[in-house]
Amino acid sequence: MCEIKNTVLHSRHLALGAVMSPFAGFDMPIRYQAGIIAEHNAVRKSCGVFDVSHMGEIFVSGPDALGFVNHVFTNDVSLERPGDILYGMMLYPDGGVVDDLLVYAGFTPGEYLLVVNAANIDKDYAYLLSNSEGYDVRIVNDSDKWAQIAVQGPESEAAVCNVLGLGCASPLSFYTYTETEKDGVRIIVSRTGYTGEDGFEIYSTPDVIISYWDRLVEAGIQPCGLGCRDTLRFEAGMPLYGDELSECISPVMAGLSMFCKLDKEEFIGKDAIVKQKTEGTERKLVGLELSDKAVARAGYPVETLDEIQIGIVTTGYHSITLDKSICFALVDSRYSALGTDLLVRIRNKVFPCKVVKKRFYQTKYKK
Amino acid sequence: MSKVLEGIRYSESHEWVKAEGNIAYIGVSDFAQSELGDITYVDVPGEGEIVTKGVEFGALESVKTAADLVSPVSGKIIEANGSVIDAPELINQDAYSAWIVKVEMSDPSEIDTLLTPEEYGNIAK
């Protein structure tokens, strides 16, 4: 196992009294002194700032960049204009997921930025290299050079424009980005996030990101840890790689096949996805709502009313926004229809639950 | 730095016990609540349930995790604290006034086997 790394904001987290924990090879803040509930509510009601410098940045360029990215990525980058961002996955030939990621279409034609999960940076980079034979492309893992913060919540536009002076953020629609420059330093501002709220992700050098973080915190923006990052993305129905997507959990099983463009001529894993869509999969990811306040945690069994196990919880919380106990679970597809009554086993007691839509919280993006 | 209250006893699993005759009030320490973070659910059996020293009898759920409650003494639950069950955040606000269950002890001498505040202060950091 490699050494635990620090992000460039590590000393800030310690100074703020954060509870730290290793995540994806980085020593990351789980929560600050306000606590997960207050941080979560700040993002839903006003604004919060996250250190997401652990995320990976891989640049792909060259004459064959478009064809290559379309070969390894499930979504269709030929539809992107410069400044557009697409969500999708990289797959194994059997439809298992290498990673889920964002692809930023460069303002210089033939340039793409792939933003990948921290835990998968090395794996993704190796996957890209090993699948690049025959393509005239340059693949550069620049993850260590870039720092990143996410500013999220209904007041995030005001914070980014007024506190950071990034007026260029204001005209952006969701899933687009722009680039600016300060003293020759590149700054990428994108209207994206992982919370279900309007928000921005800002990429730049460590120096710029540290100064942005300090200004936002001094302006009273709530620093937010990975604890509420998870409760927020979960309420908004978004998967976390490793829990709801993995080598064994395909986009079809996770209900994300709309991000696999089957009208593309080919991409790695396409045949498997076509087959899964046609024939169905044995398991499916569902949302479950409990009638009790007990919390269904990852790994807890999901059972039929006859107490026969037919699935397993992948993420579960007492929802902070909705004040009810909900979870994602991977279940036998025969029990995945909305409204199906099931049981979750918590500390050896069973609790009734019902299959509901995975998007528990109505997301509030800027169109 | 978490607070250790004088005049009560502690278990290694971070429960506190305040004895009044053969009645024991049981809660969790300030250290435990600060490690757990925001507590959202208290899962404890009701009146009449038998508890045994060193054996799990319920759980606390925080946003991120669930932690077993282990009984520091043996006896019978005579009351679960309804205020704390209704508002688990009371444990975060003041762990030492938010007792969780009241137990009629079958062997009050078990109290003497528990950690003193000084001993507990050495492990709760």
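Residues numbered from 1 in each chain as written. Chains lettered and ligands numbered in written order. Predicted model: local features only at pLDDT ≥ 70, side-chain atom pairs only at ≥ 80, totals over all residues. Heavy atoms only, no water.

**Considerations on the nonpolar core**
Residue and element names in this part refer to chain A. Ranked by size, the top nonpolar core spans 42 residues in total, and within it Phe50, Met89, Tyr104, Val115, Ile188 and Leu245 carry the most contacts. Every element with two or more residues in this core is listed here: helix H2 (36-45), strand E5 (85-91), strand E6 (97-105), strand E7 (111-116), helix H7 (226-235) and strand E17 (325-332). Ranked by residue count, the leading element in this core is E5, at four residues. The residues contacting Phe50, other than those within four sequence positions of it, are Val43, Gln148, Ile149, Ala150, Gln152, Thr195, Trp213, Cys224, Gly225, Cys228, Arg229 and Leu232. Within the second largest apolar cluster, 25 residues are counted, among which are Tyr32, Cys47, Ala159 and Leu166. (Core = buried A, V, L, I, M, F, W, Y, C linked by side-chain atoms within 4.5 Å. Buried < 20%, exposed > 50% of the residue type's maximum accessible area, 1.4 Å probe, protein only. Helix = DSSP H or I, 4+ residues; strand = E, 2+ residues; numbered from the N terminus. Contact = heavy atoms within 4.5 Å.)

**Observations regarding the interface of chain A and chain B**
At the interface, 19 residues of chain A touch 16 residues of chain B. Carbon and sulfur atoms make up 47% of the surface buried where chain A meets chain B, a total of about 1300 Å² over both sides. Summed over the three residues of chain A that lose the most area to chain B, namely Arg31(A), Arg297(A) and Arg347(A), the buried surface amounts to 41% of that side. Here chain A and chain B share four salt bridges between them. A salt bridge links Asp43(B) to Arg347(A); the nearest nitrogen and oxygen atoms lie 2.9 Å apart. Seen at the junction of chain A and chain B, the total is 14 residue pairs in polar contact (both at pLDDT 80 or more). For the side of chain A that touches chain B, the secondary-structure elements that each account for two or more residues are strand E2 (26-31), H2, H7 and strand E16 (309-318) of chain A. (Buried area = accessible area lost by both parts, 1.4 Å probe. Salt bridge = Lys/Arg side-chain N within 4 Å of Asp/Glu carboxyl O. Polar contact = N/O pair within 3.5 Å; in protein donor to acceptor, adjacent residues only side chain to side chain.)

**Observations concerning the pattern of salt bridges**
Tallying each qualifying case throughout the model produces 24 salt bridges over all chains. Of the charged contacts in the structure, one is a salt bridge between Glu179(A) and Arg186(A), with a shortest N-O distance of 2.9 Å. Relative accessible area serves as the criterion here: at 29%, Glu179(A) is assigned to the partly exposed category. Of the charged contacts in the structure, one is a salt bridge between Lys102(B) and Glu79(B), with a shortest N-O distance of 3.2 Å. Of this pair, Lys102(B) sits in strand E9 (residues 101-105) while Glu79(B) sits in strand E8 (residues 75-80), and the two are 23 residues apart along the sequence. A single network of salt bridges, built from pairs that share partners, joins Arg297(A), Arg347(A), Lys349(A), Asp43(B) and Glu61(B).

**A short note on the environment of Cys327(A)**
Residue and element names in this part refer to chain A. Note on placement: Cys327 falls in strand E17. Exposure remark for Cys327: the relative accessible area of 0% places this residue in the buried category. Along the chain, Cys327 and Ala296 lie 31 residues apart, while their C-alpha atoms are 6.4 Å from each other. If sequence neighbours within four positions are ignored, Cys327 has contacts with Phe234, Val286, Gly287, Leu288, Ala296, Val313, Thr315, Gly316 and Phe360.

**Quick word on the environment of Glu104(B)**
Residues and elements named next belong to chain B. Assignment of secondary structure puts Glu104 in strand E9. In sequence terms Glu104 and Ile50 are 54 residues apart; their C-alpha atoms lie 9.5 Å from each other. Apart from the residues within four sequence positions on either side, Glu104 is in contact with Asn22, Ile23, Ser74, Gly75, Lys76 and Ile78.

**A word on the sheet that holds strand E7 (residues 66-70) of chain B**
Adjacent strands of a sheet form backbone hydrogen bonds with each other and so pair up, either parallel or antiparallel. Residue and element names in this part refer to chain B. Overall, antiparallel pairing links the three strands, which are arranged E4-E6-E7 in an open sheet. In this open sheet, the two strands that pair with only one neighbour each are strand E4 (39-43) and E7. Strand-to-strand, the axes of this sheet are offset by a mean angle of 25 degrees, without reference to chain direction. Examined bridge by bridge, strand E6 (residues 56-62) and E7 share five bridges and lie antiparallel to one another. Residue pairing in the sheet places Leu60 in a bridge with Ala67 of E7. (Pairing = 2+ DSSP bridges. Axes fitted to C-alpha atoms, helices over the stretch in contact; angles between N-to-C directions.)

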